[in-house]
Amino acid sequence: KNIAAFGGNAQNVTLFGQSAGATSVCTVMASPLAKGLFVRAIGESMGCFGGMPKLADAEQAGTKFAAAANAASIAELRAKSPEELLKIKGAFPFRPVVDGYLWSKDTSAIFRDGEQNRVPVIVGSNSDEGTVLGVPPESAAEFVAMAKRQYKDQADEFLKLFPATTNAAALHSYYALQRDQMAFQELMWARDVARSGQTAYRYYFSHTAAIPDGTYSKQSRNPIGAF
């Protein structure tokens, strides 16, 4: 509705997003409501293949959030300031959900079954995805505890792939995990698009730019590489 006013071709729109923006592009690709609104998509360093909550679960999360905000209605929530809402523990547990309207099922299943909007894509990730994000483990024990908490009965298999025998090894595995999780998202995205008969280009970016020391606090613990 807007691009034509700026001299653009409304029939030749490319969606492009990075990180959370790439997740947005991916989820829009999976929604039938977006059919015909764009003809290509580009996603950098994320996708939408991590699972979606069902509507009932999302509604329950919203109810808990409203209770934590001491709001008895939507109107009371809207009257809150951003500062008040951001102080709530676990603030904003909100994400796209299987609501039967925007998405009929999990986005992973939509792509797997070839039901996404069929457009060509360029997707990819970087060799050092998480070096300026998150809080790396302080010790091998902390990384092992995370693995057991997240992967449960598969933790031993996980730790063979991402070892934490020393503190240094755990730190290396922490960054390798973020790199590989990102790359896997893009691989699934490209694979399912290609299966649907559309063109899918994949890239892997590893060029390390010259960044002055001290620009990022994480540089003292880990070379930030191509992030």
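Here the structure is a predicted model, which is why all the values come from computation and not from measurement.

**Student:** Where do I start with the side chain of Gln178 in this structure?
**Tutor:** Relative to the assigned elements, Gln178 resides in helix H8 (residues 167-195). Setting aside chain neighbours within four positions, we find Gln178 in contact with Glu129 and Gly130.

**Student:** Looking at this structure, I do not really get unusual backbone geometry. What am I missing?
**Tutor:** Across the chain, the bulk of peptide bonds are trans and the bulk of non-glycine residues have phi less than zero. Positive phi outside glycine occurs at Ser45, with the angle close to 65°. Following the sequence through the fold, Ser45 ends up in the loop between strand S2 (40-44) and helix H2 (55-68). Judged by its relative accessible area of 2%, Ser45 falls in the buried class. Phi angles above zero are rare outside glycine, and Asn70 is one such case at about 55°. Structurally, Asn70 is set in the loop between H2 and helix H3 (74-79). Relative accessible area serves as the criterion here: at 65%, Asn70 is assigned to the exposed category.

**Student:** Explain the pattern of salt bridges to me, please; I cannot follow it from the model alone.
**Tutor:** Inspection of the entire model under this criterion finds seven salt bridges. Residue Asp113 pairs with Arg112 through a salt bridge whose shortest N-O separation is 3.0 Å. Residue Lys160 pairs with Glu157 through a salt bridge whose shortest N-O separation is 3.1 Å. In this pair, Lys160 and Glu157 both sit in helix H7 (residues 155-161), three residues apart, roughly one turn of the helix. By relative accessible area, which is 62% here, Lys160 ends up exposed. Residue classification places Glu157 among the partly exposed positions, given a relative accessible area of 48%. Salt bridges sharing partners connect three or more residues here, namely Lys105, Arg112, Asp113 and Glu115.

**Student:** Would you mind going over the environment of Gln60 with me for this structure?
**Tutor:** Topologically, Gln60 is positioned in helix H2. Here Gln60 falls in the partly exposed class, since its relative accessible area comes to 46%. Sequence spacing of Gln60 and Phe158 is 98 residues, and the spatial spacing of their C-alpha atoms is 32 Å.

**Student:** Would you mind going over a nonpolar patch on the surface with me for this structure?
**Tutor:** The grouping of Leu33, Tyr101 and Leu102 at the surface amounts to a nonpolar patch, some 290 Å² of accessible area in total. Relative to the helices and strands, Leu102 is located in the loop between helix H4 (82-86) and helix H5 (107-112). Residue Leu102 is classed as partly exposed on the basis of its relative accessible area, which comes to 30%.

**Student:** Any chance you could explain the environment of Ile42 here in plain terms?
**Tutor:** Along the chain, Ile42 falls in strand S2. Taking the C-alpha atoms as reference, Ile42 lies 27 Å from Lys54; in sequence the two are twelve residues apart. Setting aside residues up to four positions removed in sequence, Ile42 forms contacts with Thr14, Leu15, Phe16, Gly17, Val25 and Ile122.

**Student:** I'm lost on the packing of aromatic side chains in this one. Help?
**Tutor:** The relation between two aromatic rings is expressed through the spacing of the ring centres and the mutual angle of the planes. Tallying each qualifying case throughout the model produces six aromatic pairs. Consider the rings of Phe65 and Phe94, whose centres lie 5.2 Å apart with planes at 75°: the pair is edge-to-face. On the criterion of sequence distance, the pair formed by Phe65 in helix H2 and Phe94 in the loop between H4 and H5 is long-range, its members being 29 residues apart. Judged by its relative accessible area of 7%, Phe65 is buried. Judged by its relative accessible area of 44%, Phe94 is partly exposed.

Rules used in this analysis
- Residues numbered from 1 in each chain as written.
- Predicted model: local features only at pLDDT ≥ 70, side-chain atom pairs only at ≥ 80, totals over all residues.
- Heavy atoms only, no water.
- Helix = DSSP H or I, 4+ residues; strand = E, 2+ residues; numbered from the N terminus.
- Contact = heavy atoms within 4.5 Å.
- Buried < 20%, exposed > 50% of the residue type's maximum accessible area, 1.4 Å probe, protein only.
- Salt bridge = Lys/Arg side-chain N within 4 Å of Asp/Glu carboxyl O.
- Patch = residues over 30% accessible without salt bridge, like charges linked within 9 Å, V, L, I, M, F, W, Y side chains within 5 Å.
- Areas by Shrake-Rupley, 256 points an atom, 1.4 Å probe, with all protein chains shown as cover.
- Phe/Tyr/Trp six-rings, centres within 6.5 Å; stacked < 30°, edge-to-face > 60°.

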